[in-house]
Amino acid sequence: QVQLVESGGGLVQAGGSLRLSCAASGRTFSNSAMGWFRQAPGKELEFVAAIVSGGRSTFYDDSVKGRFTISRDNAKSIVSLQMNSLKPEDTAVYSCAADIALIAYRTNYKRWNYWGQGTQVTVSP
């Protein structure tokens, strides 16, 4: 089992920045790929970013590429999402995900095995 707890959400003005963190406990964190998804009201869960277990490869949705950065600290079992140049359309509940059999399936939320409870990010115009 893996337990995931997100933090760092909040209210920010457009153009501002937030840093989300996801603390993992349970099984070996360093062996698991990690990801971030988001869900806006009335919309489906959407892939945001992912990072492989060793941290050498990262993946982003086109909508956040160049603005968001995913990183991980395996010594502390934390994965982070630095969000810059935030836009109102980034408003959503952001959730951390862990452990996927094949990173090629990263955009499919059903392929991830563990989830955090989510943290709200609200970007005002």
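Look up: the structure comes first, before these words.
Residues numbered from 1 in each chain as written. Predicted model: local features only at pLDDT ≥ 70, side-chain atom pairs only at ≥ 80, totals over all residues. Heavy atoms only, no water.

### Section: the state of the cysteines
As enumerated under the stated definition, the model contains one disulfide in all. Across a sulfur-sulfur distance of 2.2 Å, Cys22 and Cys96 are joined as a disulfide pair. Here the S-S torsion is close to -80°, and the disulfide linking Cys22 with Cys96 is therefore left-handed. On the criterion of sequence distance, the pair formed by Cys22 in strand E3 (residues 18–26) and Cys96 in strand E9 (residues 92–100) is long-range, its members being 74 residues apart. In this structure, Cys22 and Cys96 share a single accessibility class: buried. (Disulfide = S-S within 2.5 Å. Helix = DSSP H or I, 4+ residues; strand = E, 2+ residues; numbered from the N terminus. Buried < 20%, exposed > 50% of the residue type's maximum accessible area, 1.4 Å probe, protein only.)

### Remarks on the sheet that holds strand E1 (residues 2–7)
Spatial strand order, E1-E3-E8-E7: four strands in an open sheet with antiparallel pairing. The open sheet has two edge strands, E1 and strand E7 (68–73), and neither has a second partner. Taken pair by pair, the neighbouring strands of this sheet meet at an average axis angle of 15°, ignoring direction. Relative to E3, E1 runs antiparallel, the two sharing six bridges. Its bridge partner being in E3, Glu6 is matched across the sheet by Cys22. (Pairing = 2+ DSSP bridges. Axes fitted to C-alpha atoms, helices over the stretch in contact; angles between N-to-C directions.)

### Section: the nonpolar core
The nonpolar side chains of soluble globular proteins are, as a tendency, buried together. Counting 28 residues, the largest nonpolar core has Leu4, Met34, Trp36, Val79, Leu81, Met83 and Tyr94 as its most contacted members. Taken together, the elements giving at least two residues each to this core come down to E1, E3, strand E4 (34–39), strand E5 (46–51), E7, strand E8 (78–83), E9 and strand E11 (119–124). Apart from the residues within four sequence positions on either side, Val79 is in contact with Leu20, Ser21, Cys22, Phe29, Met34, Trp36, Ile51, Ile70, Ser71, Arg72 and Cys96. Grouped together as the second largest cluster of nonpolar side chains are seven residues, Phe37, Phe47, Ala97 and Ile100 included. (Core = buried A, V, L, I, M, F, W, Y, C linked by side-chain atoms within 4.5 Å. Contact = heavy atoms within 4.5 Å.)

### Observations concerning the side chain of Arg72
With respect to the helices, strands and loops of the structure, Arg72 is situated in strand E7. Buried charged residue Arg72 carries no salt bridge. Nearest counter-charge: Asp73, at 8.3 Å. At a separation of 3.4 Å, a polar atom in the side chain of Arg72 contacts the main-chain carbonyl oxygen of Ser53. A polar atom in the side chain of Arg72 sits 2.7 Å from the side chain of Asn74. (Lys, Arg positive; Asp, Glu negative; His and termini not counted. Salt bridge = Lys/Arg side-chain N within 4 Å of Asp/Glu carboxyl O. Polar contact = N/O pair within 3.5 Å; in protein donor to acceptor, adjacent residues only side chain to side chain.)

### Focus on unusual backbone geometry
Not every positive phi belongs to a glycine, and Ser77 is a case in point at roughly 55°. Tracing the chain through its elements places Ser77 in the loop between E7 and E8. Exposure remark for Ser77: the relative accessible area of 18% places this residue in the buried category. Positive phi, normally seen in glycine, also occurs at Ser85, with a value near 50°. For Ser85, the location among the structural elements is in the loop between E8 and E9.

Nothing here speaks to function; it is geometry throughout.
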